[in-house]
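Here is how the chains run, residue by residue.
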Amino acid sequence: MNDKYERQMKKGVLDMLVLKLLEEEPKYGYQLITEMKEKSDGTFFLKEGTLYPILYRLEDEGFVESKWSEPEGKQVARKYYVITEQGNMALKEISAIWKQINRGVRRIMEGMEK
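Structural notes, computed from the coordinates. Treat the numbers as computed from the prediction; the structure is a model and nothing was measured.

Our next topic: the sheet that holds strand S2 (residues 64-68). Spatially, the 3 strands line up as an open sheet ordered S1-S3-S2, and their pairing is antiparallel. If you trace the sheet from one side to the other, it starts and ends with strand S1 (27-28) and S2, each paired once. Bridge count between S2 and strand S3 (residues 79-83): 5 bridges; the pairing is antiparallel. Its bridge partner being in S3, Trp 68 is matched across the sheet by Lys 79.

What follows deals with the packing of helix H2 (residues 14-24) against helix H3 (residues 29-39). Where H2 contacts H3, the axes come no closer than 11 Å and their chain directions differ by 105°. If you check the angle between H2 and H3, you find them roughly perpendicular. Here Leu 14, Leu 17, Val 18, Leu 21, Leu 22 and Glu 24 of H2 come into contact with H3, specifically with Leu 32, Glu 35, Met 36 and Lys 39. Broken down by class, the residue content of the contact of H2 with H3 amounts to 7 nonpolar, no polar and 3 charged.

Turning to the packing of aromatic side chains, a few remarks are in order. Enumeration over the complete set of coordinates arrives at 2 aromatic pairs. Relative to Tyr 56, the ring of Tyr 52 has its centre 6.1 Å away and its plane inclined at 35°; by these criteria the two rings are tilted. Taken together, the positions of Tyr 52 and Tyr 56, both in helix H4 (residues 48-60) and 4 residues apart, correspond to about one turn of that helix. The partly exposed category is assigned to Tyr 52, whose relative accessible area is 23%. The exposure class of Tyr 56 is partly exposed, given its relative accessible area of 42%. The aromatic ring of Phe 45 is capped on one face by Lys 37, whose charged end is 4.4 Å from the ring centroid. Here Arg 78 stacks its cationic end above the ring of Tyr 28, 4.1 Å away from the centre of that ring.

Although it is not a glycine, Asp 41 sits at a positive phi angle of roughly 55°. Relative to the elements of secondary structure, Asp 41 occurs in the loop between H3 and H4.

Another point: the pattern of salt bridges. Per the counting criterion, the structure on display carries 7 salt bridges. The salt bridge involving Asp 15 is made with Arg 57; its shortest N-O contact spans 2.5 Å. Within this pair, whereas Asp 15 is found in helix H2, its partner Arg 57 is found in helix H4, the two being separated by 42 residues in sequence. Owing to a relative accessible area of 35%, Arg 57 belongs among the partly exposed residues under this scheme. A salt bridge links Glu 24 to Lys 27; its shortest N-O distance comes to 3.4 Å. You can call Glu 24 partly exposed: its relative accessible area is 47%. We classify Lys 27 as buried; its relative accessible area is 0%.

What counts and what doesn't
Residues numbered from 1 in each chain as written. Predicted model: local features only at pLDDT ≥ 70, side-chain atom pairs only at ≥ 80, totals over all residues. Heavy atoms only, no water. Pairing = 2+ DSSP bridges. Helix = DSSP H or I, 4+ residues; strand = E, 2+ residues; numbered from the N terminus. Axes fitted to C-alpha atoms, helices over the stretch in contact; angles between N-to-C directions. Parallel < 35°, antiparallel > 145°, perpendicular 65-115°, else oblique. Contact = heavy atoms within 4.5 Å. Nonpolar A, V, L, I, M, F, W, Y, C, P; charged D, E, K, R; others polar. Phe/Tyr/Trp six-rings, centres within 6.5 Å; stacked < 30°, edge-to-face > 60°. Buried < 20%, exposed > 50% of the residue type's maximum accessible area, 1.4 Å probe, protein only. Lys NZ or Arg CZ within 6 Å of the ring centre and 35° of its normal. Salt bridge = Lys/Arg side-chain N within 4 Å of Asp/Glu carboxyl O.

So, in structure tokens, the structure goes:
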């Protein structure tokens, strides 16, 4: 039963986290997976089958754009994702909503623990 609730709770914040990581600099898919796992101390370990639909949806919404890199030497071309101005605005909105939800949840949960 824990897995079900954990998946549901994580699913609601993945768009925000992907946009936040892209806010720093353009990144390719595997880089996003690695950074999300490292920066969350293993809490968010995404599979490619989870990440890429998020990226495609964010691209369809105009929040990110993708660009292929030029192959250099033995390095293959990679598809980099870049946050757009519209994506930056969405990130600010989503972050504000998240903070409000998080604050409300904490108030209720901390009240229940007393």
